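Structure assessment
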Amino acid sequence: MLDFDVAQTRLATAASPAAQSEKVSLSDCIGRVLAKPVIATLDLPSADNSAMDGYAIRHADYQPDMRFPIQQRCYAGDTPEALQPGKAIRLFTGSIMPEGADTVVMQENAREENDEVIFIDTPAKGRHVRYRGEDVKQGTEVVAPGTVLGAAQVALIASQGIAEVDVFPQLKVGLLTTGDELVAPGQPRAPEQIYNSNGPMLSAMLKRQGVESVTALHAQDTPESITQAFETLLSECDLVLTVGGVSVGDKDLVKPTIEQLGGTLDLWRVNMKPGKPVALAHARNKPIVCLPGNPVSAFVVYTLLVSPLVRTMQGRTQALPAAHYGTLDFDRSYNDSRIAFLRAQAHFDKNSLPRLIPHNDQGSAIISSLSWADVLVRIPANTTTGKGDVVRYYDLAHWLS
Ligand code: AMP
Ligand code: MG
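Below or above, wherever it landed, is the structure these notes cover. Here the structure is a predicted model, which is why all the values come from computation and not from measurement.

**Quick look at the overall build of the protein**
Of regular secondary structure, the protein possesses eight helices and 26 strands. When the backbone C-alpha atoms are referred to their principal axes, the protein occupies close to 95 × 50 × 40 Å. Here the protein, with 401 residues, has 47% of them falling under the buried criterion. Sequence separation of 24 or more characterises 71% of the internal contacts of the protein that already satisfy a separation of 6 or more. One way to put it: in the protein the 36 positive side-chain charges average out to a point 4 Å from where the 45 negative ones average out.

Here you go:
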């Protein structure tokens, strides 16, 4: 049986991002992954400037009760004059520091009378000045390749005057559900049929990760139907996911069909529960991951084993988000030969590790437990684990982003 962490690493590195990149404007880059570094072309701030509305002085000129004549009113965007000895220049937040000035006195500590200013307290030398380059130095990397671009990165890139960035192309994923018993939501259902919930669930999980292009097909349990779907998905997509039909039943035809198409297949029994065998295949130079059909198994396997591969293929540097620690709060104990992943809720209290409360039905077909849970708790194998024990957990908000 393959160790869970080994399986996770193998899948996270089973494919590479696209070699080429494309340019997008700053307004279209949100959620995209940076392909080439953004290098600062400017010092930021680009000149010493005032952090306050106030008055610029030369600190050495200051004496108690002194009146400073106001030499200039210099607004943000204006060019300051060189400060004359014994004078003050009226400044506003963002105004460029005049040559010769070294200190800003904020207006709350000043009183203006007849074009002169009197300071209430002794000013501290160098206060309220933002120095050139204190934020970013020209020539340094401000955003690294592999970063998902969000508002913070956009602010940094825009502040450099850069309007376009190089990003990885959008990943195209094919999703193949299988099963004669399945009907699409919205269609009439015979008593012996069930609705296809894995297809919509996995599409949603992919979209949540920033995959905009998901081609979802459904195949009947026949070699012809599965082959036809694979032909379409392998020609149109970068990665193909299949659900169901991959164990050892009579109708489990996904594995032989991949081999028929010339693909190579590694079928693993991963040391995890839920999660029946997981398969990683390659056909036509494209990765295929086969997920178990039970909805909870498909959800857990996607979250912990497939989402890292998606991140890698998107070009993201961080394929594996961190796991956290919490305290198990449940009146039973576990001991299993496989690592168990429990759907649970995390409760955050002051001054303690989060309390992890597992759902009381951990069956692999209990779809309602998925929408209830916000974390997956990891119970170690071959160890009796119960109330009060500190265990690892995976935050779904991170693992599905
Ligand atoms: P299989 O591996 O194909 O035997 O599927 C295992 C279980 O998951 C069976 O009970 C299937 O009916 C169910 N299942 C498979 N695919 C889906 C799906 N797309 N949506 C909901 N349930 C499914
Ligand atoms: Mg099936």
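Okay, back to it.
**As for unusual backbone geometry**
Here the residue pair Leu44 and Pro45 is connected by a cis peptide bond, since its omega of -10° sits within 30 degrees of zero. Mapped onto the secondary structure, Pro45 falls in the loop between strand S2 (38–39) and strand S3 (49–50). Of the consecutive residues Lys273 and Pro274, the connecting peptide bond is found in the cis state with omega at 0°. Topologically, Pro274 is positioned in the loop between strand S19 (272–273) and strand S20 (278–283). Although it is not a glycine, Asn114 sits at a positive phi angle of roughly 45°. Mapped onto the secondary structure, Asn114 falls in the loop between strand S8 (110–113) and strand S9 (116–119). For Asn114, a relative accessible area of 73% puts it in the exposed group. Phi angles above zero are rare outside glycine, and Asn285 is one such case at about 65°.

**So, the site of ligand 1**
The environment of ligand 1 is made up of Thr177, Glu181, Leu182, Ile194, Tyr195, Asn196, Ser197, Asn198, Gly244, Gly245, Gly293 and Asn294. In the environment of ligand 1, a nitrogen atom lies 3.2 Å from a nitrogen or oxygen atom belonging to the backbone of Asn198. If ligand 1 stood free it would expose 480 Å²; the protein chains cover 78% of that surface.

**Here's the deal with helix H3 (residues 198–208)**
Listing the buried residues of H3 in full gives Asn198, Gly199, Met201, Leu202, Ser203, Met205 and Leu206. Buried residues along H3 sit in contact with strand S13 (172–178), strand S16 (213–219), strand S17 (239–243), strand S21 (286–291), helix H6 (295–314) and helix H7 (368–372). Following H3 by one or two positions, Gly210 has its phi on the positive side, about 90°.

**Quick look at the pattern of salt bridges**
Applying the stated criterion across every chain, the model contains 18 salt bridges. Between Lys273 and Asp336 there is a salt bridge, with the nearest N and O atoms lying 3.1 Å from each other. Of this pair, Lys273 sits in strand S19 while Asp336 sits in the loop between strand S22 (324–328) and strand S23 (339–347), placing them 63 residues apart in sequence. Judged by relative accessible area, Asp336 falls into the partly exposed class, the value being 24%. Here Asp349 ties to Arg355 by a salt bridge, and the two come within 3.1 Å at their closest N and O atoms. Using a relative accessible area of 36% as the deciding quantity, one classes Asp349 as partly exposed. The class for Arg355 is partly exposed, based on a relative accessible area of 30%.

**Examining the packing of aromatic side chains**
Aromatic rings in a pair are described by how distant their centres are and how their planes are angled relative to each other. Within this structure, the stated rule accounts for seven aromatic pairs. Between Tyr394 and Trp399, the ring centres sit 5.1 Å apart and the planes meet at 85°, which makes this aromatic pair edge-to-face. As far as burial versus exposure is concerned, Tyr394 and Trp399 are alike and both buried. An aromatic cluster is present here, built from Phe4, Phe341, Tyr394 and Trp399 joined pairwise through their rings. A cation sits over an aromatic face here: Arg311 above Trp399, 5.7 Å from the ring centre.

**Description of the side chain of Asn49**
Relative to the assigned elements, Asn49 resides in strand S3. Given the relative accessible area of 6%, Asn49 is considered buried. In this structure the side chain of Asn49 is engaged in a polar contact, spanning 3.1 Å, whose partner is the backbone oxygen of Ala47. Among all residues touching Asn49, those that are not within four sequence positions of it are Gly94, Ser95, Ile96, Met97, His128, Val129 and Arg130.

What counts and how
Residues numbered from 1 in each chain as written. Chains lettered and ligands numbered in written order. Predicted model: local features only at pLDDT ≥ 70, side-chain atom pairs only at ≥ 80, totals over all residues. Heavy atoms only, no water. Helix = DSSP H or I, 4+ residues; strand = E, 2+ residues; numbered from the N terminus. Buried < 20%, exposed > 50% of the residue type's maximum accessible area, 1.4 Å probe, protein only. Contact = heavy atoms within 4.5 Å. Lys, Arg positive; Asp, Glu negative; His and termini not counted. Charge placed at Lys NZ, Arg CZ, Asp CG, Glu CD. Near = heavy atom within 4 Å. Polar contact = N/O pair within 3.5 Å; in protein donor to acceptor, adjacent residues only side chain to side chain. Areas by Shrake-Rupley, 256 points an atom, 1.4 Å probe, with all protein chains shown as cover. Salt bridge = Lys/Arg side-chain N within 4 Å of Asp/Glu carboxyl O. Phe/Tyr/Trp six-rings, centres within 6.5 Å; stacked < 30°, edge-to-face > 60°. Lys NZ or Arg CZ within 6 Å of the ring centre and 35° of its normal.

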